[in-house]
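Each chain, letter by letter, is given below.
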Protein chains: 2
Amino acid sequence: MDSDYGIPRELSDLQKFRSLYQPDLPPCLQGTTVRVEYGDATAAADPAGAHTISRHFPHTYGQPLAHFLRATAKVPDAKIITEHPVMRVGLVFCGRQSPGGHNVIWGLHTALKIHNPKSVLLGFLGGSEGLFAQKTLEITDEILTTYKNQGGYDLLGRTKDQIRTTEQVNAALTACKELKLDGLVIVGGVTSNTDAAQLAETFAEAKCPTKVVGVPVTLNGDLKNQFVEMNVGFDTICKVNSQLISNVCTDALSAEKYYYFIRLMGRKASHVALECTLQSHPNMVILGEEVAASKLTLFDITKQICDAVQARAEQDKYHGVILLPEGLIESIPEVYALLKEIHGLLRQGVHVDQISSQLSPWASALFEFLPPFIKKQLLLFPESDDSAQLSQIETEKLLAHLVEVEMNRRTKEGTYKGKKFNAICHFFGYQARGSLPSKFDCDYAYVLGHICYHILAAGLNGYMATINNLKNPVNKWRCGAAPITAMVTVKRWAQNPGATSFGMPAIYPATVDLQGRAYELLRQNATRFLLDDIYRNPGPLQYDGPGADSKPISLCVEDQDYMGRIKELQVYLDKIRTIVKPGCSQEVLKAALSIMSSVTDVLSVMSTPSSNGQSNI
Amino acid sequence: MDSDYGIPRELSDLQKFRSLYQPDLPPCLQGTTVRVEYGDATAAADPAGAHTISRHFPHTYGQPLAHFLRATAKVPDAKIITEHPVMRVGLVFCGRQSPGGHNVIWGLHTALKIHNPKSVLLGFLGGSEGLFAQKTLEITDEILTTYKNQGGYDLLGRTKDQIRTTEQVNAALTACKELKLDGLVIVGGVTSNTDAAQLAETFAEAKCPTKVVGVPVTLNGDLKNQFVEMNVGFDTICKVNSQLISNVCTDALSAEKYYYFIRLMGRKASHVALECTLQSHPNMVILGEEVAASKLTLFDITKQICDAVQARAEQDKYHGVILLPEGLIESIPEVYALLKEIHGLLRQGVHVDQISSQLSPWASALFEFLPPFIKKQLLLFPESDDSAQLSQIETEKLLAHLVEVEMNRRTKEGTYKGKKFNAICHFFGYQARGSLPSKFDCDYAYVLGHICYHILAAGLNGYMATINNLKNPVNKWRCGAAPITAMVTVKRWAQNPGATSFGMPAIYPATVDLQGRAYELLRQNATRFLLDDIYRNPGPLQYDGPGADSKPISLCVEDQDYMGRIKELQVYLDKIRTIVKPGCSQEVLKAALSIMSSVTDVLSVMSTPSSNGQSNI
């Protein structure tokens, strides 16, 4: 199948139209000069892990932030790069395809050629397998023609990606050396960017000249931290899913006889489910993070849905739409514990048929209680990130089944007097992943591609390309790079906040912030969503007219400008330095000392591990 | 829930934009004069049933076609209606919601008010149940504001619709009398329009002044005949599904490890599956009509798919997309026979648990061979049109399962040496049905709404609103009305062409014409689709720019202008009359007689029942 990569293909009218779309560049990336300003050295987000992380990444931990500046910016200590030697760069798609991925290639290719037409971009064919086997395709303008602004990863393909074992890391090292790469760009989510950090460290240790750069491309939207506001693909996925959810809402309201249980992709975290809820206003959403925080059991969740069904029945409403993130199943404490037991046994090599007899008594009791189809799905071998095969576990069917049983029980008991409860289940996963990317994702990915070049031109290793201020127009975007090690923690994704467990240093998926504004918006409207059927239909993804330029609600309501605030703080510090110069009065100096002493005390206390209760960020 | 009907609601930006869209009217419907030209009396499409049908519909059979003409058209015997008394019209949504339905209301309301501002349009709330119970909502401009060009049937709602039993028909009659309706407009598919024909006949018999009008609105696209080219909703459904299928194709090509089995809505006929195939170019589609025509067994179909998987594996391709219409399961002869036995037993009141023991030996053998989930689904009570609950039977999972078993067998046997076969199953049904309608469906439904008024103004009863020449721009559309009885046949949908069975006079779903151009186009490309992965992505439904004005391929490739050709024939006949006038030469007269005699002979032979091999049309 390799011979098919990069071949031109027949495009539909809309695809052709989109292939002609040219994203803008923010002012800081225009022109042929690269100007970098370095910030302070970065630290681990969670101080508790700093020591472990710094030991794990001796060469790449603690590097400074980098900001790319416009040619005219007057920053005295900015590094200006005007010479651009020929550069050879490799790019690999890792992990699940996410709409917009192709534009990273396009952006990087354009930037390489602008700065030196002799530079070369090699795409690795078939994901990390292609990297190990050194199967490459040289990217050209011609090849890109039918892939610009298009969905999928089919220009290069991808595999079940992981660059982790010694064998894999060595194969990558050999490939980069033999292909004489100056840079290796890894496009992917949390797992792939963790691999990128590891690879950068190994390369530095081995004195391999190839610099490793990560790009945050994942439809799950869970590669979020103080440096990364949003991931490429998330906007498109939420738009396509919201369209479908809204269609189902309209359907529910027209037919008035079904409850639709819709499971959404997004892995462990519930970002997709939250965004789609804010877009479409379905009756209910059950976020994994809420379930984990409140330690809700399967029985609690069932009861919660049944009570909602009953409340609606009292208003003579027998239809509804309920969203469930695919990660929900792992957030339910007792199911998670059961899954852990099953996975443990599977890893020990116990045969699937023998598992149920080897479970602990309570796990066995839960397992036997579950309907057969779910049993079979829970017995699947876990994924490379240790989670269950979330896309294969039909949580929506399980809950619909449990709710039906409970509603029948209530009917029999006489506590529910409404019509029979009818459910229809859906899983919205694969049908959104290959979508044509939204304008926002096209722009975001294209600019990130350019930033990759600037990172490499600055000679940085182990950095991720970042853009801040994304909710504003492209000309306001702030482009930079952050050391991936600054995003690494040693905390695993905790089932219950507070109950932390420590693991390998890695970028762990950021969960929905239950203190954040997006979640607050959901809570404020939850009752109206539940009872008033204020369904909203954003409609199909548009490329022209209303809605074409919209961005995720969860991006727009959050005040995420961390990098901006870091800069703001530096301005304050500089001002103090100017005011309290040698020659200032004793009184001023005294006042300054006193205040600075308390500030440092307060911040020190706040920065110690014990008071840091948040699981991420 | 009734109090919620017709309430204004919050629209998204795109919905607002769409609510401001104003469809054009074809020239023949502009102005305030209604001009009707009547054609010849219509006959039943299938002469074999003519006698039965005429006996069944003594008052409404054999009425002429009606054509609505532009004000300036010079047709000598056109009936011109210039007076427009106040009219009271009721409208009811019957059957499954189909995108565009709301625009029928809008078009009819506008036409009523243009011709007499005092006329009243009543919408029945909650489908036929609302009709029987006389629950109405008076349609106003204000109410329509947030429903123009919007999806769903939620302005009025609908129920499990049927107007068939004596009790139901009498309730409808009483409602029309008590509400003093001049007209009753029934919006729906084959079943609802059959009910409309029956109601028109009953009303005529009972001397009820209410005229009944049918409107072809069904996403299945199976209300097709010489008068009806296309149904409202079909274009939207195919666009939304094609978008998703294309996304899955892109996904398949990116991941290269799964076969996606996608089942599509559309009831017994495979129109949706065919159109989506022509739009998206998936690797394979299995049409119910092909299976029925070739009498393929479950084993044959499995083998066909396995051979395809194997052929692709030889090209190192381990991914693919296979479409299945939901009606496929009933097209498989042995499954159909099994379903018939099950339905017979269910109707006799046999309990579900007892069915398998009461099946005939061969049916029992097949039943026991099937996996448990399918058994459960086959045991569901049949629908009102006697078909199985097609939306609930997971044919895609059955076939994926059978293919997997067979591929594993081939692997074990050594005849297949490729990688393991992996399937992912999808059902694309409810997520498209509530979509915002395409521009085409908005236009089509709006104009049909206007035609309903013209039909009522002309005092016609038992007619369906029709538009011909749909593949051309709106200003070329030909508007008319055809007696519904001319679409009625006594043939049931035959499992095998030739094997006809006779039933009640009804409009039966038109199946995909295996001699038609759309199917020919599919056959011509089938091998390239299968092996070359020439996936095409029409993208999300657009309202602006490329693709926004596209129409179904199966509409555009067919040469369907039956009404146009009827007119063309009349022109020929008139010409002959002009040439062979008294006074013409003996030779001319002789030649004319000789030719006309053979023509009538040939046509007589072709029109006798025995030689009519087609199942529909």
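Residues numbered from 1 in each chain as written. Chains lettered and ligands numbered in written order. Predicted model: local features only at pLDDT ≥ 70, side-chain atom pairs only at ≥ 80, totals over all residues. Heavy atoms only, no water.

- Looking at an unreviewed UniProt entry, chain A carries the name Pyrophosphate--fructose 6-phosphate 1-phosphotransferase subunit alpha, with the source organism given as Trapa natans.
- UniProt lists a comment for chain A under the heading Sequence similarities (unreviewed entry), and it reads "Belongs to the phosphofructokinase type A (PFKA) family. PPi-dependent PFK group II subfamily. Clade 'Long' sub-subfamily."
- As recorded by UniProt, the Subcellular location (unreviewed entry) comment attached to chain A reads in full: "Cytoplasm". (UniProt positions renumbered as here; feature names shortened; annotations may be inferred.)

**Points about the overall build of chain A**
Argument step 1. For chain A, the count of helices and strands is 23 helices and 16 strands.
Argument step 2. Over its C-alpha atoms, taken along the principal directions, chain A stretches across nearly 80 × 75 × 55 Å.
Argument step 3. In chain A, of all internal contacts separated by at least 6 residues, the share reaching a separation of at least 24 is 79%.
Argument step 4. Surface summary for chain A: the accessible area is close to 23700 Å², and the carbon and sulfur share equals 55%. (Helix = DSSP H or I, 4+ residues; strand = E, 2+ residues; numbered from the N terminus. Contact = heavy atoms within 4.5 Å. Areas by Shrake-Rupley, 256 points an atom, 1.4 Å probe, with all protein chains shown as cover.)

**Here we look at a nonpolar patch on the surface**
Argument step 1. On the surface, a nonpolar cluster with roughly 450 Å² of combined accessible area is contributed by Leu569, Tyr572, Leu573, Ile576 and Met596 of chain A.
Argument step 2. If you trace the backbone, Met596 of chain A turns up in helix H23 (residues 586-607). (Patch = residues over 30% accessible without salt bridge, like charges linked within 9 Å, V, L, I, M, F, W, Y side chains within 5 Å. Salt bridge = Lys/Arg side-chain N within 4 Å of Asp/Glu carboxyl O.)

**Notes on the sheet that holds strand E2 (residues 64-68) of chain A**
All names here are of chain A.
Argument step 1. On the basis of which strands lie adjacent, the open sheet formed by 10 strands has the order E3-E1-E2-E14-E13-E8-E7-E4-E5-E6 and mixed pairing. Of all strands in the sheet, those bounded by a partner on one side alone are strand E3 (79-81) and strand E6 (136-138). Averaged over all neighbouring strand pairs, the angle between strand axes comes to 30°, with direction disregarded.
Argument step 2. Sheet topology places E2 next to strand E14 (residues 478-483); 2 bridges connect them, and they run antiparallel. Its bridge partner lying in E14, Ala66 is registered against Ala481.
Argument step 3. Lying on the sheet, helix H3 (residues 101-115) is in contact with strand E1 (34-41), strand E4 (88-93), strand E5 (120-124), strand E7 (183-188) and strand E8 (211-216); it crosses E4 at an angle near 175°. (Pairing = 2+ DSSP bridges. Axes fitted to C-alpha atoms, helices over the stretch in contact; angles between N-to-C directions.)

**Digging into the state of the cysteines**
Argument step 1. Counted by the stated rule, this structure contains 0 disulfides over all chains.
Argument step 2. Of all cysteine sulfurs, the one in Cys238 of chain A lies closest to Cys556 of chain A, which takes part in no disulfide; the gap is 12 Å.
Argument step 3. We note that Cys208 of chain B lacks a disulfide partner, and the nearest cysteine sulfur, in Cys176 of chain B, lies 5.8 Å from it.
Argument step 4. Given a relative accessible area of 6%, Cys208 of chain B falls into the buried group. (Disulfide = S-S within 2.5 Å. Buried < 20%, exposed > 50% of the residue type's maximum accessible area, 1.4 Å probe, protein only.)

**Focus: the nonpolar core**
In globular proteins that are soluble, nonpolar side chains generally tend to be buried together.
Argument step 1. Counting residues in hydrophobic clusters, the biggest one holds 198 residues, and the most contacted among them are Leu91, Val185 and Ile451 of chain A together with Leu91, Val185 and Ile451 of chain B.
Argument step 2. When near neighbours in sequence (up to four residues on either side) are disregarded, Ile451 of chain A contacts Leu29, Phe68, Ala465, Thr466, Ile467, Cys479 and Gly480 of chain A. (Core = buried A, V, L, I, M, F, W, Y, C linked by side-chain atoms within 4.5 Å.)

**Re the sheet that holds strand E10 (residues 284-285) of chain B**
Residue and element names in this part refer to chain B.
Argument step 1. Pairing in this open sheet of 4 strands is parallel, and the strands run E10-E11-E9-E12 from one edge to the other. Strands with a single pairing partner mark the edges of an open sheet, and in this sheet they are E10 and strand E12 (423-428).
Argument step 2. Here strand E9 (residues 259-264) runs beside E12; their pairing, made up of 6 bridges, is parallel. Its bridge partner being in E12, Tyr259 is matched across the sheet by Ala423.
Argument step 3. Here helix H9 (residues 271-280) sits on the sheet and contacts E9, E10 and strand E11 (320-325); the angle it forms with E11, its principal contact strand, is near 155°.

**Regarding the relation of the copies chain A and chain B**
Argument step 1. Take chain A, turn it by 180°, move it 0.0 Å along the axis, and it overlays chain B with an RMSD of 0.2 Å. The symmetry that links the two subunits is that of a two-fold axis.
Argument step 2. The overlap is high: 100% of the interface residues of chain A also sit at the interface in chain B, so the same surface is used on both sides. (Least-squares fit on C-alpha atoms with pLDDT ≥ 70 in both.)

**Re the packing of aromatic side chains**
Argument step 1. Under the counting rule described, the total for this entry stands at 22 aromatic pairs over all chains.
Argument step 2. Taking 6.2 Å as the distance between ring centres and 85° as the angle between the ring planes, the aromatic pair formed by Phe427 of chain B and Tyr430 of chain B counts as edge-to-face. As far as the burial class goes, Phe427 of chain B and Tyr430 of chain B line up, both buried.
Argument step 3. By way of ring pairs, the aromatic residues Tyr258 and Tyr260 of chain A together with Phe427 and Tyr430 of chain B are connected into one cluster.
Argument step 4. Over the ring of Phe427 of chain A we find Arg263 of chain A; its NZ or CZ atom is 3.9 Å from the centre of that ring.
Argument step 5. For the cation-ring pair, Arg18 of chain B lies above Tyr21 of chain B, with the distance from its terminal atom to the ring centre recorded as 4.4 Å. (Phe/Tyr/Trp six-rings, centres within 6.5 Å; stacked < 30°, edge-to-face > 60°. Lys NZ or Arg CZ within 6 Å of the ring centre and 35° of its normal.)

**Considerations on the packing of helix H8 (residues 234-255) of chain A against helix H9 (residues 271-280) of chain A**
Residue and element names in this part refer to chain A.
Argument step 1. Remark: H8 packs on H9, axes separated minimally by 9 Å, with the N-to-C direction vectors making an angle of 55°. Relative to H9, the element H8 is oriented oblique. Two packed elements cross with a definite hand, and for H8 against H9 that hand is right-handed. Contacts between H8 and H9 involve Phe234, Ile237, Cys238, Asn241, Ser242, Ile245, Ser246 and Cys249 from the former and His271, Val272, Glu275, Cys276, Gln279 and Ser280 from the latter.
Argument step 2. Among the residues forming the contact of H8 with H9, the class breakdown is 7 nonpolar, 6 polar and 1 charged. (Parallel < 35°, antiparallel > 145°, perpendicular 65-115°, else oblique. Left-handed = near helix turned anticlockwise from the far one by under 90°. Nonpolar A, V, L, I, M, F, W, Y, C, P; charged D, E, K, R; others polar.)

**Some details on the interface of chain A and chain B**
Accessible area lost during the coming together of the parts is what is often quoted as the interface size.
Argument step 1. Contacts between the two partners involve 59 residues from chain A and, on the opposite side, 60 residues from chain B.
Argument step 2. Carbon and sulfur atoms make up 52% of the area that chain A and chain B hide from each other, which totals about 5000 Å².
Argument step 3. Applying the counting criterion to the chain A and chain B interface returns 4 salt bridges.
Argument step 4. A salt bridge links Glu394 of chain B to Lys397 of chain A, with the shortest nitrogen-to-oxygen separation between them at 3.4 Å.
Argument step 5. Counting residues per element, the ones that place at least two in the side of chain A that touches chain B are helix H1 (13-19), H8, strand E12 (423-428) and helix H18 (430-433) of chain A. (Buried area = accessible area lost by both parts, 1.4 Å probe.)

**Describing the confidence of the model for chain A**
All names here are of chain A.
Argument step 1. Looking at chain A as a whole, the pLDDT averages 90, with 95% of positions reaching at least 70.
Argument step 2. In the predicted structure, residues 493-500 sits below a pLDDT of 50 and forms 17 contacts with residues beyond four places in sequence or in another chain.
Argument step 3. Predicted confidence for residues 611-617 stays below pLDDT 50, and this span has 13 contacts to residues more than four positions away or in other chains.
Argument step 4. In the predicted assembly, ipTM is 0.85 and pTM is 0.88. (pLDDT = per-residue confidence, 0-100.)

**What about the pairing of E4 of chain A?**
All names here are of chain A.
Argument step 1. With 5 of 6 residues buried, E4 lies mostly within the body of the structure.
Argument step 2. Bridge analysis of E4 against E5 gives 4 bridges, and the strand direction is parallel. In the sheet register, Val89 faces E5, and the bridge partner there is Leu121.
Argument step 3. Once you follow E4 into H3 and on to E5, the crossover reads as right-handed. (Right-handed = clockwise from strand over helix to strand, strands pointing away.)

**Some details on the pattern of salt bridges**
Residue and element names in this part refer to chain A.
Argument step 1. Enumeration over the complete set of coordinates arrives at 40 salt bridges over all chains.
Argument step 2. Among the ionic pairs, Lys420 bridges to Glu404, the shortest N-O distance being 3.2 Å. Taken as a pair, Lys420 in the loop between helix H17 (395-413) and E12 and Glu404 in helix H17 lie far apart in primary sequence, 16 residues in all.
Argument step 3. Classification of Glu404 as partly exposed rests on a relative accessible area of 32%.
Argument step 4. Residues joined by salt bridges that share partners form a network here, namely Lys303, Asp307, Glu406, Arg409, Arg410 and Glu413.

**Quick word on the side chain of Arg433 of chain A**
Argument step 1. Relative to the assigned elements, Arg433 of chain A resides in helix H18.
Argument step 2. Side chain to side chain, Arg433 of chain A and Asp251 of chain B meet in a polar contact 2.7 Å long.
Argument step 3. For Arg433 of chain A, the contacting residues outside a window of four places in its chain are Arg96, Gln97, Pro99, Arg158, Leu219, Ile237 and Met265 of chain A together with Asp251, Ala255 and Tyr260 of chain B. (Polar contact = N/O pair within 3.5 Å; in protein donor to acceptor, adjacent residues only side chain to side chain.)

**Observations concerning the environment of Ala206 of chain B**
Residues and elements named next belong to chain B.
Argument step 1. Inspection of the secondary structure assignment puts Ala206 in the loop between helix H7 (190-205) and strand E8 (211-216).
Argument step 2. A relative accessible area of 33% means that Ala206 is categorised as partly exposed.
Argument step 3. It is 56 Å that separates the C-alpha atoms of Ala206 and Leu402, two residues lying 196 residues apart in sequence.

**With respect to the packing of helix H6 (residues 166-178) of chain B against H7 of chain B**
All names here are of chain B.
Argument step 1. Put simply, H6 and H7 touch, their axes get as near as 11 Å, and they point 60° apart. Judged by the inter-axis angle, H6 sits oblique to H7. The chirality of how H6 crosses H7 is right-handed. The segment H6 lies against H7, with Val169, Ala172, Leu173 and Cys176 engaging Leu199, Thr202 and Phe203.
Argument step 2. Per-class residue counts for the contact of H6 with H7 are 6 nonpolar, 1 polar and no charged.

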